[in-house]
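Residue strings, one per chain:
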Amino acid sequence: MQSNWRPDLSDESVVLGLEPRESVYFNILEYCRHIGVQVHKGKIGFWIARVRRRDGGYAQKRLCLAFQGDIFEVDYNTACFRAKEWFKTPSVSRIASASYPLGSKRQIDICPIGDVHTVGHALRDYLDWKLLAATKSHFETLVSLINYHLVPRVSQIPLAEFDGNHFQKLATDVLSTPPKYGRETPAHRDDLRLLSQNELRKRKKTFNALVSILKGAFELSWEKGNIESDRPMRCLRRLPNVERPRVVFLDRKECRRLLGVSHPDLRILIMAALYTGCRANELILMRCCDFSPETKSVYVASPKGRRTRHVLSPAHGVNFFRSVADERPGNDRLFRKKNGRVWGGEYRHYFLRARKQGGFPAELTFHGLRHTYASQLLQDGASIISVADQLGHANTQTVSTTYGHLTARTRANDIDRCFAPIFDGEEKTKSEGQETSLNTLGRLPVFRHRDLSSWPRSNHSRYSGQLLQALRPNDMD
């Protein structure tokens, strides 16, 4: 079984083990630039170069003989050099799309120079630290936000001169800038008064993420002694914003309908998501050895953050995972297509087809199955702590914010069951809608705060005693 649908062509043993077929085995050198090998019967292979044209099609060329029998004629590095030379020829460059490197960008777009410590210097130092401290996905998100929003607007400003005027202009510019999709940069700005509430909410969320980045960068510069005043940090403010809980999830009937219209390969991946609440990438990278029938759990070794976890599974979930992993090597990928290929990002296209065929709303994505898992557990009485542990969250805040509206029935049952009587002889109310008036049981004492002033009691300072008393206004006495 081929371990990957895009085999490593730099490994000669892998290339010699490829099955003959008409289509070419390709590797990506850069986006829109590929190197491949075409394997014929009789153990003969040829190196193939391919380029994506501007009209969306492809142009390719047979470069040279790769191997014959078990002997290599031209190695991978030489083939790549010849492919790049072909890419540069006038006939190819005239029709080819622009290429760009693989993966997400991992560096800032500027290289700040000079003795004056600018915002750009602070952002560069901040990314140097985050490269060590943040996860790969989070770091790449930071780079993208900084390059798109901060570099062109504030990177040249001396950090010591950054003030509220710069910050307010940045807020206006960011909120009026459309989101970026792909590699295209929007050329227009939106009128804030014409934005819908949902659009404005999303842009405020982006801006608040930028505020967090600037705070981290400015504090790091302050700690390093690159600025003498903390004014740049004091002028940063988060915008008030209401987070909307995700409410797109399925009930059990809809889950069965989705499974019924899904491709057989996708159906297995969906079943795993419904049994565990795992993200798509966590399932794709899962190995057979990660399933443990003894502990009735699967081990998530490649989570979104760095918090690995064991996800417990119900009995029928254990039977499902046992059927998938049965008699397979422990290091093999747990979820494969029937043709032996491992899953990649194409699961999204499979899911899109199933969603359209099943008549589900456009807001439903594969990640919605994770929300389905959490919401159904909470609705059936699972505790927020248990759900947070299953999902791999560091605390219950995310679960409470996202799904708190689904726990009303559970909370009501807990209050009725656990609330101890206040007065001797009082019985718990068992019938729905029956209320006990406190007036019939006597009045409860009313506790009030004595301080009527809106001033903070400590002024957010470390002072105490007589000095703190002197700093407070008179109405606090």
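Enquirer: Could you clarify how one ought to interpret the side chain of Asp 265 in this entry?
Expert: Within the secondary structure layout, Asp 265 lies in helix α10 (residues 264–276). With no salt bridge to any partner, buried Asp 265 finds its closest opposite charge in Lys 338, at an N-O distance of 5.6 Å. Excluding residues that lie within four positions of it along the chain, Asp 265 makes contacts with Lys 337, Lys 338 and Trp 343.

Enquirer: Sorry, what's going on with the sheet that holds strand β1 (residues 25–30) here?
Expert: Paired through their backbone hydrogen bonds, the strands of a sheet run either parallel or antiparallel. Spatially, 5 strands are ordered β1-β2-β3-β4-β5 in an open sheet, and the strand pairing comes out antiparallel. In this open sheet, the two edge strands, each paired with only one partner strand, are β1 and β5 (71–72). As paired strands, strand β2 (residues 33–40) and strand β3 (residues 44–52) are joined by 8 bridges and run antiparallel to one another. Bridge assignment links Gly 36 to a residue of β3, and that residue is Ile 48. The sheet strands contacting helix α2 (residues 76–88) are β1, β2, β3 and β4 (58–68), and the helix crosses β3 at an angle near 35 degrees.

Enquirer: Is there a simple way to think about the pairing of β4 in this case?
Expert: Two faces make up the sheet, and in a regular strand the side chains alternate between them. The sheet contact formed by β3 and β4 spans 9 bridges and is antiparallel. Paired with Arg 52 across the bridge in β4 is Tyr 58. Where β3 folds back onto β4 in an antiparallel hairpin, the turn is made up of 5 residues, including Gly 56, whose phi is positive at roughly 100 degrees. Across 2 bridges, β4 lies against β5 in antiparallel orientation. Its bridge partner lying in β5, Gln 68 is registered against Ile 71. The antiparallel hairpin formed by β4 and β5 contains 2 residues in its connecting segment, where Gly 69 sits at a positive phi of about 70 degrees.

Enquirer: Mind showing me how you'd approach the packing of aromatic side chains here?
Expert: Aromatic rings in a pair are described by how distant their centres are and how their planes are angled relative to each other. Following the criterion strictly, the structure yields 12 aromatic pairs and no others. Between the aromatic rings of Trp 343 and Tyr 350, the centroid separation amounts to 5.1 Å while the plane-to-plane angle is 75 degrees, which identifies the pairing as edge-to-face. Here Trp 343 and Tyr 350 have matching classes, each one buried. Arranged with centres 5.8 Å apart and planes meeting at 70 degrees, the rings of Phe 351 and Phe 366 form a pair that is edge-to-face. Residue Phe 351 is located in helix α13 (residues 347–358), and its partner Phe 366 is located in the loop between α13 and α14 (368–379); the two are separated by 15 residues in the primary sequence. With a relative accessible area of 6%, Phe 366 lands in the buried category. Among the aromatic side chains, those forming a connected cluster through ring pairs are Tyr 275, Phe 291, Phe 320, Phe 321 and Phe 335. The ring of Tyr 25 is capped by Arg 21, whose NZ or CZ atom sits 3.6 Å from the centre of that ring.

Enquirer: How should I be thinking about the sheet that holds strand β8 (residues 309–312) in this particular structure?
Expert: Strand order in the open sheet made by the 3 strands is β6-β7-β8, with antiparallel pairing throughout. Edge positions in the sheet fall to β6 (291–292) and β8, since each of these pairs with one other strand and no more. Pairing of β6 with strand β7 (residues 297–300), which is carried by 2 bridges, proceeds in the antiparallel orientation. In the strand pairing of β7, Phe 291 is matched with Val 298.

Conventions adopted
- Along each chain, the written sequence defines residue order, and numbers are assigned to residues from 1.
- Only residues with pLDDT of 70 or above have their local features reported here, since the model is predicted, and side-chain atom pairs are shown and tallied only from 80 upward, although totals for entire chains, interfaces and linings are computed over all residues.
- Here the side-chain values reflect all heavy atoms present in the structure, with hydrogen atoms and water set aside.
- Secondary structure is summarised from DSSP: a helix means a run of H or I of at least four residues, a strand means a run of E of at least two, and numbering begins at the N terminus for each.
- We call a residue buried when its accessible area falls under 20% of the maximum for its residue type, exposed when it is over 50%, and partly exposed in between, using a 1.4 Å probe and counting protein chains only.
- Just so you know, the count uses Lys and Arg for positive and Asp and Glu for negative, and it drops His and the chain ends.
- What makes a salt bridge here is a side-chain nitrogen of Lys or Arg within 4 Å of a carboxyl oxygen of Asp or Glu, nothing more.
- Should any heavy atoms of two residues lie within 4.5 Å, those residues are counted as being in contact.
- Strands are treated as partners if at least two bridges between them are detected by DSSP.
- Geometry is summarised by axes, namely lines fitted to C-alpha atoms with helices restricted to the contacting stretch, and by angles between N-to-C directions that run from 0 to 180 degrees.
- Aromatic contacts are taken between Phe, Tyr and Trp rings whose centres are within 6.5 Å, Trp giving its six-membered ring; a plane angle under 30 degrees counts as stacked, one over 60 as edge-to-face, and the others as tilted.
- By definition here, charges over rings are those cases where NZ of Lys or CZ of Arg is within 6 Å of the ring centre and within 35 degrees of the ring normal.

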